[in-house]
Every structure is written in structure tokens, then in C-alpha cells.
Amino acid sequence: FYDEAEARKYTQNSRVVEIQAQMSERAVELLGLPEDRPCLLLDVGCGSGLSGDYISEEGHYWIGMDISPAMLDVAVEREVEGDLLLADVGHGIPFRPGMFDGCISISAVQWLCNADKKSHSPPKRLYRFFSTLYTALARGSRAVLQLYPENSEQLELITAQAMRAGFTGGMVVDYPNSAKAKKFFLCLFVGASGTLPKGLGTECADEEPHQAKFTNERTRFKNIKGKSVKKSRDWILEKKERRRRQGKEVRADTKYTGRKRRPRF
């Protein structure tokens, strides 16, 4: 697990932050959340809250779980807007039934395939995780878990335990023909089975209108969902207002809020 130095290094790496934001955006997109109301999401393996930042930007609420105290300490220092829980997801998801409208996980689930202790059984830990996650999710919701499987056997083990726990769905693979851009998303449905989304970079011209769109652009709000462009004055005011509603201390708004500073030499 990450110690204090590694946790800070991870969070300050601009390349890591960019990739994490892209995968979080894709995972939330695959959840198919309603656009007319905020949702409560579970972030499994939330780390220092990089995925949670995107969830908050989209206007949703979240609770994050992680096994690393150092990573959660960094999340607290960063003043993320979600609630945090120190826990091993291999022991299960400790929330009441039907609590969450969806779940995402970025680069975490594959670690359940490791036996870090003699008492650890990967199949049992995976089943415990998936069965309790199934219970914690509302009927008709989804879980989207991005992972890096070591091999096909590991991928089959993870998928099999998810289906055994009651989920339907399957694997969505983005850019399957690319060595660097290839990404695996386990898209799981709770209750009624839905249509599995198509992976990006695949030949599916006939189903293009129904496919989730994905962009690497950082300024994504105004053009896509009518929200304020990130780092603009409106975006900053919206974020400050969210923090006020959460009871956090926030500086007063002034005419200088969101104004860019002049470069100094």
C-alpha cells in the first residue's frame, strides 16, 4: 500500500492526475446517471480523492473507501468534498441496502486478486466485495469498475464472482487495438439487465448515436452539459456555494473572485 511519501508523490504527478480524471469521467459516463438530480455515489479505492473531484464537479455527492491511511490523509488535506472511510473492501461494503445510486472504482479491484495474508482467499474476498456491493446499490443502478487485469484468468475470476453475486453486465473495453490507450471497465447492472455500452475505438457505426461520448478536453462543462467552464468565475462560485451548504468555512465572494492574476517577472 502507499505510504505517506508515495501518496503525496502520486497525487502531485500531473500525468497521473490527468489519466485519473479521464478514467473517472468515462466511468461516471458509463453509469448512465439521470441529469435532472444529484446522485450519491460510492468510490471504491478512492485514494486521495482524484476521482471524487470529478464526481463533485458533476454535481453529485460521494463516499470514498480506501485501505491506505496515507492516501486518505492526503484527501483530507486536499479538502475533498466527499466523505471518507478507511476500510478493506475485501471485508465487504458496510452500508445499508440500496443506499447508493451508483459505484465507480479506478484501478483498485484487481488488488483483491492478491493474497497479502495467509488467511486471504481471492475468490472469497471478491465474492464478499461484490455481494455486499450488490446489496448497497439501489435497484436499477450500475457499478463501473476500471481495472488492470494481469491476465485472462484474473479477469475471468473477477467477472465470475460478480455474476455469482447477482450482477449482470460484462466487460467494456475501450480502444482494444491500442497498447497504451486500452482500458477495461467492468460494467455491472443491479436488478433489471441493461444494454452493455460499446467500448470506445471499436467499429460500431450503426450504434454511434447510442454510444457514450468521451473527450480528453479539460473544458468540458459549458459545451456538454451547460455547466460552467472549469476554473472560471461561475465554476468557482458554484464550488464555494457547495462548500457553504456542507457547513465548511469559505471566504466571502468579492469582485476579485475568479479573476486571473497578471503574470509577474
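Predicted model, so just to flag it, every value in this text is computed and none were measured.

**What about the packing of aromatic side chains?**
Point 1. Taken as a whole and assessed by the stated rule, the structure comprises four aromatic pairs.
Point 2. For the ring pair Phe-129 and Phe-130, a centre distance of 4.9 Å and an interplane angle of 55 degrees mean the geometry is tilted.
Point 3. Judged by relative accessible area, Phe-129 falls into the buried class, the value being 0%.
Point 4. Residue classification places Phe-130 among the buried residues on the basis of a relative accessible area of 0%.
Point 5. One aromatic cluster is present, built from ring pairs that chain together Phe-129, Phe-130, Tyr-134 and Phe-167.
Point 6. Lying across the ring of Tyr-127, Arg-164 places its NZ or CZ 4.0 Å from the centre.

**Some details on a positive patch on the surface**
Point 1. A contiguous patch of positive charge on the surface is contributed by Arg-233, Lys-255, Arg-259 and Arg-262.
Point 2. Tracing the backbone through its elements, the reader meets Arg-259 in the segment after helix 8 (233-245).

**Considering the pattern of salt bridges**
Point 1. Within the structure shown, the criterion is met by seven salt bridges.
Point 2. Linking Glu-29 and Arg-26 is a salt bridge whose minimum nitrogen-to-oxygen distance equals 3.7 Å. Here Glu-29 pairs with Arg-26, and both are found in helix 2 (residues 14-31), just three residues apart, close to one helical turn.
Point 3. For Glu-29, a relative accessible area of 26% puts it in the partly exposed group.
Point 4. The buried category is assigned to Arg-26, whose relative accessible area is 1%.
Point 5. A cluster of three or more residues bridged by salt bridges with shared partners is formed by Arg-26, Glu-29 and Asp-174.

**Some points on the packing of helix 5 (residues 122-136) against helix 6 (residues 152-164)**
Point 1. One can describe the packing of helix 5 onto helix 6 by two numbers: an axis separation of 8 Å at closest approach and a directional angle of 45 degrees. Considering their axes alone, helix 5 and helix 6 lie oblique with respect to each other. When the axes of helix 5 and helix 6 are compared, the crossing they make is right-handed. Along its contact with helix 5, which presents Pro-122, Pro-123, Leu-126, Tyr-127 and Phe-130, the element helix 6 presents Leu-157, Ile-158, Gln-161, Ala-162 and Arg-164.

Parameters at a glance
Residue numbers run consecutively from 1 along every chain, following the written order of its sequence. Whole-chain, interface and lining totals are the exception, using all residues; otherwise, since this is a predicted model, local features are given only for residues with pLDDT of at least 70 and side-chain atom pairs are given and counted only at 80 or more. Based on all heavy atoms of the structure, the side-chain values leave hydrogens and waters out of the count. Pairing of aromatic rings covers Phe, Tyr and Trp, the last through its six-membered ring, and needs centres within 6.5 Å; plane angles under 30 degrees mean stacked, over 60 mean edge-to-face, and all others mean tilted. The classification of residues rests on relative accessible area computed with a 1.4 Å probe and restricted to protein chains. Under 20% of the type maximum is buried, over 50% is exposed, and intermediate values are partly exposed. For a ring to carry a charge above it, either NZ of a lysine or CZ of an arginine must fall within 6 Å of the ring centroid while also lying within 35 degrees of the normal to the ring plane. A patch consists of residues whose relative accessible area exceeds 30% and which take part in no salt bridge; residues with like charges are grouped when within 9 Å of each other, and nonpolar side chains (Val, Leu, Ile, Met, Phe, Trp, Tyr) when within 5 Å. The Shrake-Rupley method, run with a 1.4 Å probe, gives the accessible areas here. Residue values count only the displayed protein chains as cover. What counts as a salt bridge is simple: a side-chain nitrogen of Lys or Arg found within 4 Å of a carboxyl oxygen of Asp or Glu. None of His or the chain ends enter the tally, which takes Lys and Arg as positive and Asp and Glu as negative. The atom standing in for a charge is NZ when the residue is Lys, CZ when it is Arg, CG when it is Asp and CD when it is Glu. Put simply, DSSP H or I for four residues or longer makes a helix, DSSP E for two residues or longer makes a strand, and each gets a number counted from the N terminus. The angle between two axes is taken between their N-to-C directions and runs from 0 to 180 degrees, where each axis is a line fitted to C-alpha atoms and a helix contributes only its stretch in contact. Roughly parallel covers angles under 35 degrees, roughly antiparallel covers those over 145, roughly perpendicular covers 65 to 115, and oblique covers all other angles. Two helices cross in a left-handed way if the nearer one is turned anticlockwise from the farther one by less than a right angle. They cross in a right-handed way if the turn is clockwise. In what follows, residue pairs with any heavy atoms lying within 4.5 Å of each other are defined as contacts.

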